[in-house]
Amino acid sequence: VDDHSRLLALLSETRPDFVFNMCDNGYKNDALRELEVPALLDLLEVPYTGAGPTCLGMCYDKSLVRAVAVAHGVPVPRETYFDMSQETGEIPSMFPALIKPNRADGSVGITAGSVVHSAEAAIAYLAHLRKTLPGRDALIQEYLTGTEYSMGLIGNPGLGFNVLPPLEVDYSGLEPSLPRILSYESKFDPSSPYY
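Quick caveat: nothing in here was measured; it's all calculated off a predicted structure. (Residues numbered from 1 in each chain as written. Predicted model: local features only at pLDDT ≥ 70, side-chain atom pairs only at ≥ 80, totals over all residues. Heavy atoms only, no water.)

Draft legend 1. Looking closely at the packing of aromatic side chains. This model, assessed by the stated rule, comprises one aromatic pair. Consider the rings of Y184 and F188, whose centres lie 4.7 Å apart with planes at 35°: the pair is tilted. Taken together, the residues span about one helical turn, with Y184 and F188 both in helix 6 (residues 184–188) at a distance of four residues. For Y184, a relative accessible area of 36% gives the class partly exposed. A residue is classified by how much of its surface remains accessible, and F188, at 49% relative accessible area, is partly exposed. (Phe/Tyr/Trp six-rings, centres within 6.5 Å; stacked < 30°, edge-to-face > 60°. Helix = DSSP H or I, 4+ residues; strand = E, 2+ residues; numbered from the N terminus. Buried < 20%, exposed > 50% of the residue type's maximum accessible area, 1.4 Å probe, protein only.)

Draft legend 2. The side chain of S183, seen in detail. Following the sequence through the fold, S183 ends up in the loop between strand 8 (167–168) and helix 6. There is a polar contact of 2.9 Å between the side chain of S183 and the side chain of E185. What S183 contacts, discounting residues up to four positions off in sequence, is S107, I110, T111 and Y194. (Polar contact = N/O pair within 3.5 Å; in protein donor to acceptor, adjacent residues only side chain to side chain. Contact = heavy atoms within 4.5 Å.)

Draft legend 3. Looking closely at the sheet that holds strand 3 (residues 115–116). Ordered by their spatial adjacency, four strands build an open sheet running 1-4-2-3, and the pairing between neighbours is antiparallel. Strands with a single pairing partner mark the edges of an open sheet, and in this sheet they are strand 1 (79–82) and strand 3. Pairing between strand 1 and strand 4 (residues 138–142): four bridges, direction antiparallel. Looking at strand 4, one finds that E79 is bridged to Q141. This element, helix 4 (residues 62–71), spans strand 1, strand 2 (97–101) and strand 4 of the sheet and lies at about 150° to strand 1. Set on the sheet, helix 5 (residues 119–132) makes contact with strand 1, strand 2, strand 3 and strand 4; between it and strand 2 the angle comes to about 15°. (Pairing = 2+ DSSP bridges. Axes fitted to C-alpha atoms, helices over the stretch in contact; angles between N-to-C directions.)

Draft legend 4. Geometry of the nonpolar core. Of all hydrophobic cores here, the largest spans 14 residues; its most connected members are F82, I99, L126, L129, A138 and I140. For this core, the secondary-structure elements that each account for two or more residues are strand 2, helix 5 and strand 4. With four residues, the single largest contributor to this core is helix 5. Excluding residues within four positions of it along the chain, A138 makes contact with T80, Y81, F82, M84, I99, K100, P101, N102, L126 and L129. Ranked by size, the runner-up nonpolar core spans 11 residues in total, among them C23, Y27, L40 and L41. (Core = buried A, V, L, I, M, F, W, Y, C linked by side-chain atoms within 4.5 Å.)

Draft legend 5. Spotlight on the environment of R180. Along the chain, the position of R180 falls in the loop between strand 8 and helix 6. Residues R180 and V37 lie 143 residues apart in sequence; the distance between their C-alpha atoms is 34 Å. Aside from chain neighbours lying at most four places away, what touches R180 is Y143, E148, Y171, L174 and E175. Polar side-chain contacts of R180 include one of 3.4 Å to the backbone oxygen of L174. Within the structure, R180 has its side chain in polar contact with the backbone oxygen of L178 (distance 2.8 Å).

Draft legend 6. Fine view of the environment of V169. Looking at where V169 falls in the secondary structure, it is placed in the loop between strand 8 and helix 6. Classification of V169 as buried rests on a relative accessible area of 17%. For the pair V169 and E148, spaced 21 residues apart in the sequence, the C-alpha separation amounts to 5.5 Å. Dropping the residues within four chain positions of it, V169 is found in contact with E148 and L182.

This is a description of form; function is not addressed.
And the structure:
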């Protein structure tokens, strides 16, 4: 079902036993509304795959995820929250730095230009984000080099989780001049050197 204009009516009329939720682009294809589909399924008491609305809402806010990690003693890079509604703000003097939107997923807003080495470059990239992702605040983080891993979990709260083997991100084929990051292009642009 991809007719979002009739989604509520279709789910109410047909009342599925189970939903395989593949709505990764958000309700009405607005990524900021991704949590609304499982919230709707919860209201209708229809079981579904994937994360629930609370989890999706929390995970979409990188500063909140960082705060949870800090609360659990997980080491995190230094970070400054940057309010994009302000034309100016204090640029921290931690370079190199990684600049990214606070609310996004799929590496949206993360490009080779996200890694900056000066206040001037930081201001320029913040202006780029302000133009391309209006209304979203940014994070300026200490850029950490080193090995990068992804971890997957399968399961449900209260029922346990299976931890999948770690995946190491392999940057060996990337041009040495490009920063080692999982950019948006690495996931969605086959013509990019990151892909």
